[in-house]
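# Residue-level structure breakdown
The lines below spell out each chain.
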Amino acid sequence: MSLTVSDVAAAGAAWVWMPPDAEVVKTEEYTFLRLPDYIDFDLSVVSFTPTRPTRQVVDELVERARAFGPPILDWQVLLGAPADLEADLAARGATVKLVLEIMAADLSHGVPELPRPTVDVSLRWAADATTARDGVTIEAAAFHGDVPPDDRIEALAARNATSVPAGGGGLVVAYVDGEPVGTGGVQVVDGVARLTGGVVVPEWRKRGVYRALLDARLTYAVGHGATMALVKANPTTSGPILLTSGFTSYGPEPVYAVPLHEDRAAS
């Protein structure tokens, strides 16, 4: 199997992130979310597949988003998005807040061989509340969010307890000497391993913990039928590690901050 840009773009477009407690606004042409309070941003576009002129659909989406009240709409421009979308967003005063890199690895021949960590790492799936709390606490610190409430952590643990043995994936947490030092998620959907939230606490970086988490997730995914791994990586942190771990970059996916105040919208 050889991955093409169209393969990766299609897999990326099919990957729509929706926290279970988000408020969803969905049409045939777009989906955006009002996110829960413990996440560090308010509104996010997660799919955009217009069948009408780009500007017309963006006008409609922005107007609907404006009704929710927050001043900014986060919009990730996916690989394969309409060619005029970024120019339209920029004309509305949008600025790039982050550039992610869509990366993929061919898993049809198994998991790439990765260097072993230089510390003794143990890995646990977050199928109990304690492990789930360890994982989401690391995520919250890394991504500037808040630790979710207890009921959400317990729900995450319950989902993992079901989805991990069933082959759907879940959250895995890395420990060194009993201390939680890193975490990462994987979901296996239609033969694609979607890798999320891979992070290591700062004082434990450069010791192979990230690669241990990566190896665990890829091994799990291959064992459950995945032939492609997909990740939307930060090119300055996880990106370089992934490029030396069997992944190829297929292009940037910039995240724009779109102003929603009337006086900053395009005329």
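Please refer to the structure placed before this passage.
Conventions adopted
- Residues numbered from 1 in each chain as written.
- Predicted model: local features only at pLDDT ≥ 70, side-chain atom pairs only at ≥ 80, totals over all residues.
- Heavy atoms only, no water.
- Phe/Tyr/Trp six-rings, centres within 6.5 Å; stacked < 30°, edge-to-face > 60°.
- Helix = DSSP H or I, 4+ residues; strand = E, 2+ residues; numbered from the N terminus.
- Buried < 20%, exposed > 50% of the residue type's maximum accessible area, 1.4 Å probe, protein only.
- Contact = heavy atoms within 4.5 Å.
- Pairing = 2+ DSSP bridges.
- Axes fitted to C-alpha atoms, helices over the stretch in contact; angles between N-to-C directions.

### Section: the packing of aromatic side chains
- If you walk through the whole model with that rule in mind, you get 5 aromatic pairs.
- The interplanar angle of 70 degrees and the centroid separation of 5.0 Å between the aromatic rings of Phe 48 and Trp 75 together place this pair among those described as edge-to-face. You can see Phe 48 sitting in strand β3 (residues 43-48) and its partner Trp 75 sitting in strand β4 (residues 72-76), a full 27 residues away along the chain.
- Phe 48 gets classed as buried once you look at its relative accessible area, which sits at 10%.
- With a centroid separation of 4.9 Å and an interplanar angle of 55 degrees, the aromatic rings of Trp 125 and Tyr 220 are classed as tilted. Taken together, the residues Trp 125 in strand β6 (residues 122-125) and Tyr 220 in helix α6 (residues 209-223) connect sequence positions 95 residues apart.
- Since its relative accessible area comes to 10%, Tyr 220 is described here as buried.

### Some details on the environment of Val 258
- Residue placement: Val 258 occurs in strand β11 (residues 248-259).
- Judged by its relative accessible area of 1%, Val 258 falls in the buried class.
- Residues Val 258 and Trp 75, 183 residues apart in the sequence, show an inter-C-alpha distance of 7.1 Å.
- Excluding residues that lie within four positions of it along the chain, Val 258 makes contacts with Pro 71, Ile 72, Leu 73, Trp 75, Leu 89 and Ala 94.

### Observations regarding the sheet that holds strand β9 (residues 192-200)
- Taken in spatial order, the 11 strands make up an open sheet running β1-β2-β3-β4-β11-β5-β10-β9-β8-β7-β6, and their pairing is mixed. Either end of the sheet is taken by a strand with one partner, and the two such strands are β1 (23-26) and β6. When the angles between neighbouring strand axes are averaged without regard to direction, this sheet yields 25 degrees.
- Inspection of the sheet shows strand β5 (residues 95-106) paired to strand β10 (residues 228-233) by 6 bridges, in the antiparallel sense. Directly across from Ala 104, in β10, lies its bridge partner Leu 230.
- Most of the contacts of helix α5 (residues 150-166) go to strand β7 (residues 169-176), to which it runs at about 105 degrees, and overall it touches β6 and β7.

### Observations concerning the pairing of β1
- In this sheet, strand β2 (residues 30-34) lies alongside β1 in antiparallel orientation, the contact comprising 4 bridges. Its bridge partner being in β2, Lys 26 is matched across the sheet by Thr 31.
- Counting the residues in the hairpin turn of β1 and β2 gives 3 residues.

Interpretation in functional terms is not warranted from these geometric data alone.
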